[in-house]
Amino acid sequence: MKSRAAIAMGANQSLVLEEIDVEGPKQGEVLVRLAATSVCHTDAYTLSGADPEGRFPSVLGHEGAGVVQEVGPGVTSVGPGDHVIPLYTAECGQCKFCRSGKTNLCSAVRATQGQGVMPDGTSRLSLNGQALNHYMGCSTFSEYTVLPEVSLAKVSKQAPLDKICLLGCGVTTGIGAVHNTARVEPGSTVAVFGLGAIGLAVIQGAQMIGAERIIAIDVNPDKFDLARQFGATDCVNPNDYEDSIQQVIIDLTDGGVDYSFECIGNVNVMRSALECCHKGWGESIIIGVAGAGEEISTRPVQLVTGRVWKGSAFGGVKGRSELPTYVDDYMNGKVKIDEFITHDMPFEQINEAFELLHRGESIRTVLHY
Ligand SMILES: NC(=O)C1=CN([C@@H]2O[C@H](COP(=O)(O)OP(=O)(O)OC[C@H]3O[C@@H](n4cnc5c(N)ncnc54)[C@H](OP(=O)(O)O)[C@@H]3O)[C@@H](O)[C@H]2O)C=CC1
Ligand SMILES: N[C@@H](CCC(=O)N[C@@H](CSC=O)C(=O)NCC(=O)O)C(=O)O
Ligand SMILES: [Zn+2]
Ligand SMILES: [Zn+2]
């Protein structure tokens, strides 16, 4: 079938809008018509050429929501008409990772996903006969896309797809990192570096859990109003100080924070986020994705003296089991999503959505098909 799509032809090039061909679902696969998709910083990162797994030409996009159109042989958990959120972190329930009870990372389709193909090693997407790479197992920048069954969370039909698409990555990642990865306790002091969708969702998660002090840090003060609305108690711009940002946070908090979250993808900030944690127990969670070849460093004494460095992917959330509850929590007012959506646009304006993100003028732009 034909599908409107935005194609990444090469690094740092604008996306090209084309009508592509989408093949029907094979064994264990599902054809989905997306209602909406948003743009996450990770899409921009891959388009920049900094992603070691980045492939071109490809159909990017991983933050979407839609309706099942057709299922391939063997698919049992979803059927036509079901509302679904694509998952870049699958949940098969059977692999070593899923059975461990220790992680949300699932190995069922991860290897082929990173190679830009479906689990059988081929693509369902093409342009003029040339195969296009899938992206993060989702490719939500195509109105119609094909995913493995294990990469779909079936959710309530009552929920607006053009809002809950944000649960496909940003909102879930931030809240989940607080609840699952850090397990922040009520009364904690928290520092959040980077106030895009991920950082704001971390603030939301920290407020939900009853953190007493939430320090929001960004070099763009335009982000501070929204941070306060989500629950930040202090807003700090590192450029306003001569001291290092870690020293500023240590001074503000009588020795450092209980938890910090890096939501930028900057390895220097990752170091600051670790080093602003309290001696003896402070934990720092890396969420931001850094470019190929970049490495983190700190003096080992930072860890010897009790600070802990962790990472979080999709907030440690098991998508098929847990996303339906996130959707229900949005519907009953426990989880905020609308506040992240600074712009709504027709899908055709997707390049504008990338420009807004790069200029720091948007949190999330929802593109409507
Ligand atoms: N681990 C995971 O599962 C996931 C990771 N990610 C990653 O999380 C990161 C954040 O994503 P997203 O929220 O969409 O991105 P955004 O670009 O919307 O947000 C990043 C924010 O950090 C600010 N910033 C940039 N440099 C600094 C600095 N040196 N100090 C303080 N603030 C700074 C930016 O300011 P400005 O406005 O000037 O740009 C912006 O406000 C990305 O690296 C993304 O790839 C995303 C989803 C899931
Ligand atoms: N392709 C990158 C790795 C990018 C990365 O870390 N992705 C995050 C999700 S970012 C979403 O917006 C993630 O969940 N990672 C887990 C995983 O299995 O990749 C690279 O190769 O560096
Ligand atoms: Zn994302
Ligand atoms: Zn699995």
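Just so we're clear, the structure is a prediction, and the values are computed from it rather than from any experiment. (Residues numbered from 1 in each chain as written. Chains lettered and ligands numbered in written order. Predicted model: local features only at pLDDT ≥ 70, side-chain atom pairs only at ≥ 80, totals over all residues.)

A. Up close: the environment of A159. Its location among the elements puts A159 in the loop between β9 (152-155) and α4 (161-164). Spatially, the C-alpha atoms of A159 and M331 are 6.7 Å apart, while their sequence positions differ by 172 residues. For A159, the contacting residues outside a window of four places in its chain are I164, V327, Y330 and M331. (Helix = DSSP H or I, 4+ residues; strand = E, 2+ residues; numbered from the N terminus. Contact = placed C-beta atoms within 7 Å.)

B. Examining the packing of helix α5 (residues 170-182) against helix α6 (residues 197-209) more closely. In contact at an axis separation of 7 Å, α5 and α6 are set at 45° when each is read in the N-to-C sense. With respect to α6, the axis of α5 lies oblique. Both α5 and α6 take part in a crossing whose hand is right-handed. Touching G170, V171, T173, G174, I175, A177, V178 and H179 of α5 are A197, I198, G199, L200, A201, V202, Q204, G205, A206 and I209, all from α6. Along the lines of polarity and charge, the residues of the contact of α5 with α6 split into eleven nonpolar, seven polar and no charged. (Axes fitted to C-alpha atoms, helices over the stretch in contact; angles between N-to-C directions. Parallel < 35°, antiparallel > 145°, perpendicular 65-115°, else oblique. Left-handed = near helix turned anticlockwise from the far one by under 90°. Nonpolar A, V, L, I, M, F, W, Y, C, P; charged D, E, K, R; others polar.)

C. Focus on the confidence of the model for the protein. On average, residues of the protein score 98 in pLDDT, and 100% of them reach the 70 mark or higher. Both scores are available for the predicted complex, with the pTM at 0.98 and the ipTM at 0.99. (pLDDT = per-residue confidence, 0-100.)

D. Here's a closer look at the site of ligand 1. Around ligand 1, 33 residues are found, and the nearest of them are H41, G194, G196, G265 and G360. Classifying every residue of the shell around ligand 1 gives 18 nonpolar, 13 polar and two charged. Structurally, the shell around ligand 1 is a two-domain feature, drawing no fewer than three residues from each of domain 1 (2-168 + 337-368) and domain 2 (173-312). (Near = placed C-beta within 6 Å. Domains from an automatic or database assignment.)

E. Spotlight on the site of ligand 2. Near ligand 2 you find C40, T42, D51, P52, E53, T89, L105, R110, C169, V289, A313 and F314, and these make up its full shell. Tallied by class, residues from the shell around ligand 2 come to seven nonpolar, two polar and three charged.

F. Structural detail: the sheet that holds strand β15 (residues 308-311). Spatially, the six strands line up as an open sheet ordered β12-β11-β10-β13-β14-β15, and their pairing is parallel. A single partner strand is all that each edge strand has here, and the edge strands are β12 (234-236) and β15. Averaged over all adjacent pairs, the angle separating strand axes in this sheet is 20°, with direction ignored. Examined bridge by bridge, strand β14 (residues 283-286) and β15 share four bridges and lie parallel to one another. Among the inter-strand pairings, S284 is bridged to a residue of β15, identified as W309. Taken strand by strand, helix α9 (residues 267-275) contacts β10 (189-193), β13 (259-262), β14 and β15, and its axis lies near 175° from that of β13. (Pairing = 2+ DSSP bridges.)

G. The arrangement of the sheet that holds strand β1 (residues 2-7) in detail. Pairing within the open sheet is antiparallel, and its four strands lie in the order β1-β2-β6-β7. Every other strand in the sheet has two partners, leaving β1 and β7 (130-131) as the edge strands with one partner each. Across two bridges, the pairing between strand β2 (residues 16-22) and strand β6 (residues 125-127) is antiparallel. Considered in β6, the bridge of V22 is made with L125.

H. Fine view of unusual backbone geometry. Following F56, the chain continues into P57 via a peptide bond in cis, with omega recorded as -5°. Looking at the secondary structure, you find P57 in the loop between α1 (41-48) and β4 (63-71). Not every positive phi belongs to a glycine, and N128 is a case in point at roughly 50°. Take N128: it is sitting in the loop between β6 and β7. In this structure N128 comes out as exposed when scored by C-beta crowding, with 7 C-beta atoms within 10 Å. Although it is not a glycine, F314 sits at a positive phi angle of roughly 50°. For F314, the location among the structural elements is in the loop between β15 and α11 (319-331). Overall, the presence of 23 C-beta atoms within 10 Å leaves F314 in the buried class. (Buried ≥ 20, exposed ≤ 12 C-beta atoms within 10 Å, placed from the backbone.)

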